[in-house]
Amino acid sequence: MTEGQTIPKPVPTPDQVTEPFWEATKEGRLMVQRCLTCGDRFFYPRERCPICLSDNLEWVNVSGKGRIYSFIVVRQPGHPGFNDDVPYIYAVITLDEGVRMNGNVKSIDIDACEIDMPVEVYFEERGDQMLPQWKPLGAPDPS
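Bear in mind that the values here come from a model prediction, so they are computed numbers and not experimental data.

Visitor: Help me understand the overall build of the protein chain, please; the structure alone is not making it clear to me.
Guide: Regarding its fold elements, the protein chain presents one helix and eight strands. The N-to-C order of helical and strand elements in the protein chain reads α-β-β-β-β-β-β-β-β. Relative to its length of 143 residues, the protein chain is compact, with a C-alpha radius of gyration of 16 Å against a globular reference of 15 Å. Dimensions of the protein chain along its principal axes, counting C-alpha atoms only, are 55 × 35 × 25 Å. Counting only residues that meet the buried cut, the protein chain has 36% of its 143 residues in that class. Nonlocal contacts in the protein chain, meaning residues at least 24 apart in sequence, comprise 52% of its contacts between residues at least 6 apart. Summed over its atoms, the accessible surface of the protein chain is roughly 8,300 Å², and 48% of this surface lies on carbon and sulfur atoms. Positive and negative side-chain charges of the protein chain, numbering 14 and 22 respectively, have mean locations separated by a distance of 4 Å.

Visitor: Looking at this structure, how should I read the layout of surface pockets?
Guide: Rolling a probe over the atoms, with the probe sized like a water molecule, indicates the empty space that remains. In this structure, the largest pocket occupies an estimated 380 Å³ of space. Considering the residues around the largest pocket, the lining is formed by 18 residues, among which N102, G103, L131, P132 and Q133 are closest to the centre. When residues of the lining of the largest pocket are traced back to their parent elements, those giving at least two are α1 (19-26), β5 (88-95), β6 (100-105) and β8 (129-136). Broken down by class, the residue content of the lining of the largest pocket amounts to 13 nonpolar, four polar and one charged.

Visitor: Looking at this structure, how should I read a negative patch on the surface?
Guide: A cluster of acidic residues, D15, E19, E47 and D55, forms a negative patch at the surface. Tracing the backbone shows E47 in the loop between β2 (41-42) and β3 (57-62).

The rules behind the values
Residues numbered from 1 in each chain as written. Predicted model: local features only at pLDDT ≥ 70, side-chain atom pairs only at ≥ 80, totals over all residues. Heavy atoms only, no water. Helix = DSSP H or I, 4+ residues; strand = E, 2+ residues; numbered from the N terminus. Rg over C-alpha atoms; globule rule 2.2 N^0.38 Å. Buried < 20%, exposed > 50% of the residue type's maximum accessible area, 1.4 Å probe, protein only. Contact = heavy atoms within 4.5 Å. Areas by Shrake-Rupley, 256 points an atom, 1.4 Å probe, with all protein chains shown as cover. Lys, Arg positive; Asp, Glu negative; His and termini not counted. Charge placed at Lys NZ, Arg CZ, Asp CG, Glu CD. 1 Å grid on protein atoms, 1.4 Å probe; cavity = no way out; pocket = protein on both sides within 12 Å on 5 of 7 lines; lining within 4 Å. Points joined across faces, edges and corners; volume = space filled by probe spheres on them. Nonpolar A, V, L, I, M, F, W, Y, C, P; charged D, E, K, R; others polar. Patch = residues over 30% accessible without salt bridge, like charges linked within 9 Å, V, L, I, M, F, W, Y side chains within 5 Å. Salt bridge = Lys/Arg side-chain N within 4 Å of Asp/Glu carboxyl O.

Without other data, these values stay purely geometric and don't point to any function.
This is the structure we're talking about:
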């Protein structure tokens, strides 16, 4: 890299288990897995249910709405591709369906972020993927 050149942010590499999730994000949909044996919904994508270990799973759409369960303000990024973004909010979101996901919360001042704040998903283009990110409910998508 030459001086002044921006280091790209990492891009997820889908595999056989995660491919349905990433394909849905390209269509602007958020999906999680549901176990057809015990009914549990979960995220991150897996080959077996984390509750009953069944491999009888399906993908289901979720609302993309939830509340901030926990968050941190990142002031020192773990990857140089995020250097220009600091400080930023990294949060765990409890979806209305009960599943927890994580990601960045944007379109909000870092001092205004609160536990239990309602948020909704939007999708940020990164390489050939669309990454779920979060914003306060009703806020415009960051540009």
